[in-house]
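Residues per chain are reported as follows:
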Amino acid sequence: MTERSSGGQNYAVAVAADVLRARSHRSRLLSWAQAIGVVALLAVTLGTPGFLAGPSVLSLLTTVSFIGCVAIGMTLITISGNIMSFALGATVGVTAMVFILACNWLGFGPGLLVGLLFGSLITGLQGLLIGWVRANPIIVSIAALALIYGVTQAFAEKGTVYAEPGIVPAMVKGKVATVPIEFIVFLLSTLIAQFILSATRFGRNLFMVGSSFRAAEAVGVSTWRTVTGAYVWAGGFTALAGIMLAIRYDSANMDYGVAYDYDAIAAVLVGGTAIGGGEGSALRTFAGAMVIAAVQVMLLLNGLRQEWQYLAAGLIVLAVIMLQTRGSGR
Amino acid sequence: MTLRHHLSGPHGRPFAVLLACTILLAVVDGGQGRFLSAATAYSSLQTFATISLVTLGLGLTMMIREFDLSVVGMYGMAGCIAVLTGTQHPWFGLWLALGIGAAAGVIQGIIILRLHLSSVGVTLGGLLIFVGIAFVLTESRALPYDNLSVALALNERIAGVFSIRSIVALVFFVGAAAIFAWTRLGSEIIAIGGDRRAAITAGVKVDPLVIGIFAFSGLCAALSGVLLSYSLASASPAGLSDVIAPAAAGAILGGVSLGGGSGRPLGIAAGALTLAVLRSGLNAVGAPPFVNDITMATVLLTVAVLDGPYLARRLILVRQRFHAATNA
């Protein structure tokens, strides 16, 4: 602050206190609105005939898992104060392709590793640019999106790559006690991300960098390492979605993951992670993804066409954003 | 001032880049007449018509330190609305879509200002809603537009290189440039982007201007969506999302800084035209389509890094370490 007189300082403190009070008031409002929303949703959902019958719930669990893993990755980016990435959807597609190629070449286990590392690497490089020179995250991710599409087109002329028969073990396509394996992966990803966020020094730094970059720098946090780390993990979780899609269909192309960025950020925001950064959790994103998925299944079961799902997701996102508190600047 | 001074100044950079790209493509072409032809000029201007208005709208929101993501959704939705309602009366479809575009911009602007929210968040909500509406309206199908005479008229060549679409886009840019040159609006917009508080103190009516810019941005996106859908004689709710990358790239190439407070409409026109010339030119000289994506990405990445506020600091650190290492 540049105020020289104590009067100015007092004024600044008073303003800050006002802002904090307004913020806590709004966040209380937000939690109430969320709680009421979830209860109402549960009531309507459970009241919908056919919801508890097996197939719809199980198909819900599978589809939500792909977007869910991307959303977990996006959560880390959003918490780090970098809003969102437009490149994660493309990352899903390209990772799926790299995974299939690596499987055909090296076998399933090494392929898995190559896929995960590849996703982490290309997303981590974006994080490095964003963290090291503080390049604009939106522009970097838009550039990465164009670059991923361009380079993939240059290398894969036919567009779709197929796994050699028998290369993917049947075991990873099954279910564990009627729960689709994709959902278990999503659940584990959530738990891992939540552990990173709440129990490690990196997680603590991430919240600090996200809520105030300067303050984090002032207390000696290596901001560029933290931001890069967030993107590396985000890439890893996104790669999981690509790999699971590739395993499911024994093939991969760039159509996998189209528009996942938007679905993922919707789940992040509906869960209540602040778009301004510094607040949020992986568990919240998990809840957000499940809420959106439940609404979509409910709309379907109530006879509304699939298109209404998109509109519903948009309306929920706008409503949640309007209830959010932090929003200075962009 | 000499031409060289003009081209190296901050407002000249977009034109210098445009000139450099044109010369480069002409050299690559090597006098075979594939690039420097009326056909390439026409197709460049057609591409310009497709992306430039969205670029202008997005660029103006970037000038005031906001970011209107919803243009992507509005672009698609407006096309669907116009095609659905404008078969008998094309003008009705056009005006309806434009009205909805401007109204949606006003609503988003009011939400951003009144609730003190980030424009990325609010316009993301807008984007998802517009895409949703487009899917609902079209029932997830590509819609044909049966009024083919409109499609033909829009694409008909005028004076060899122009079409109604590209002339509309050029008129918008000339109008915006005139407003910037001869009214206070331009300097007020720049002032809002440079320092909003100072602008308020200086007596700029910030709120109406911000809302007006979001309305204009929605209008521009709607207009280019309608013109594109009419001229393609079809509209589809999906597949229009690849407009955000060229729009952002065009605005940045046009001299709009990421931190707000700089840029000119004619600069944005030059930025969009650069992308259009690159796309059509690379196509004309036989380069595969991915070259265009990679070029655009490289440009965006370069500008993002050069505009990075920590770049100078990091470079100094690297140099110091390098010196320390060589001295030791």
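Shown above is the structure to which this text applies.
Just so it is clear, the structure is predicted and the values come from calculations on it, not from any experiment. (Residues numbered from 1 in each chain as written. Chains lettered and ligands numbered in written order. Predicted model: local features only at pLDDT ≥ 70, side-chain atom pairs only at ≥ 80, totals over all residues. Heavy atoms only, no water.)

Draft legend 1. Focus on the overall build of chain B. Check the secondary structure of chain B and you find 15 helices and two strands. Computed over its C-alpha atoms, the radius of gyration of chain B comes to 21 Å, within 12% of the 20 Å expected for a compact globule of 328 residues. Its C-alpha atoms give chain B principal-axis dimensions of roughly 80 × 60 × 40 Å. In chain B, which comprises 328 residues, the share counted as buried stands at 53%. Counting only contacts in chain B whose residues sit at least 6 apart along the sequence, the fraction spanning at least 24 positions is 78%. Looking at chain B as shown, the accessible area adds up to about 14,100 Å², and 69% of this sits on carbon and sulfur atoms. (Helix = DSSP H or I, 4+ residues; strand = E, 2+ residues; numbered from the N terminus. Rg over C-alpha atoms; globule rule 2.2 N^0.38 Å. Buried < 20%, exposed > 50% of the residue type's maximum accessible area, 1.4 Å probe, protein only. Contact = heavy atoms within 4.5 Å. Areas by Shrake-Rupley, 256 points an atom, 1.4 Å probe, with all protein chains shown as cover.)

Draft legend 2. Region of the structure containing the interface of chain B and chain A. Facing the 48 residues of chain B at the interface are 47 residues of chain A. Here chain B meets chain A over a buried area of about 4,300 Å², counting both sides, of which 76% is carbon and sulfur. If you sort the residues of chain B by the area they bury against chain A, L128, Y310 and R314 of chain B come out on top, with a joint share of 14%. In this assembly, chain B and chain A are joined by one salt bridge. There are four residue pairs in polar contact (both at pLDDT 80 or more) connecting chain B and chain A. Of all the secondary-structure elements, those providing two or more residues to the side of chain B that touches chain A are α6 (119-138), α12 (244-253), α14 (290-306) and α15 (311-327) of chain B. If one sorts the elements of the side of chain B that touches chain A by residue count, α6 of chain B sits on top with 14 residues. For the side of chain B that touches chain A, the residue count by class is 33 nonpolar, nine polar and six charged. (Buried area = accessible area lost by both parts, 1.4 Å probe. Salt bridge = Lys/Arg side-chain N within 4 Å of Asp/Glu carboxyl O. Polar contact = N/O pair within 3.5 Å; in protein donor to acceptor, adjacent residues only side chain to side chain. Nonpolar A, V, L, I, M, F, W, Y, C, P; charged D, E, K, R; others polar.)

Draft legend 3. Geometry of the pattern of salt bridges. Residues and elements named next belong to chain B. The final tally for this structure, using the stated rule, is seven salt bridges over all chains. Linking D29 and R34 is a salt bridge whose minimum nitrogen-to-oxygen distance equals 2.9 Å. Among the residues examined, D29 registers a relative accessible area of 2% and is labelled buried. Here R196 makes a salt bridge to E66, at a shortest N to O gap of 2.9 Å. Highlighted residues: R196 in helix α10 (residues 196-201) and E66 in the loop between α3 (38-63) and α4 (71-85), separated in sequence by 130 residues. Its relative accessible area of 3% is what places E66 among the buried residues.

Draft legend 4. Structural view of the side chain of S118 of chain B. Residue and element names in this part refer to chain B. Here S118 lies in the loop between α5 (90-114) and α6. A relative accessible area of 4% places S118 in the buried class. For S118, the side chain forms a polar contact with the main-chain nitrogen of G121, separated by 3.1 Å.

Draft legend 5. Representation of the environment of A230 of chain A in the model. Residues and elements named next belong to chain A. With respect to the helices, strands and loops of the structure, A230 is situated in helix α9 (residues 223-249). Exposure remark for A230: the relative accessible area of 0% places this residue in the buried category. Those residues in contact with A230, other than ones at most four positions away along the chain, are L76, S80, F202 and L206.

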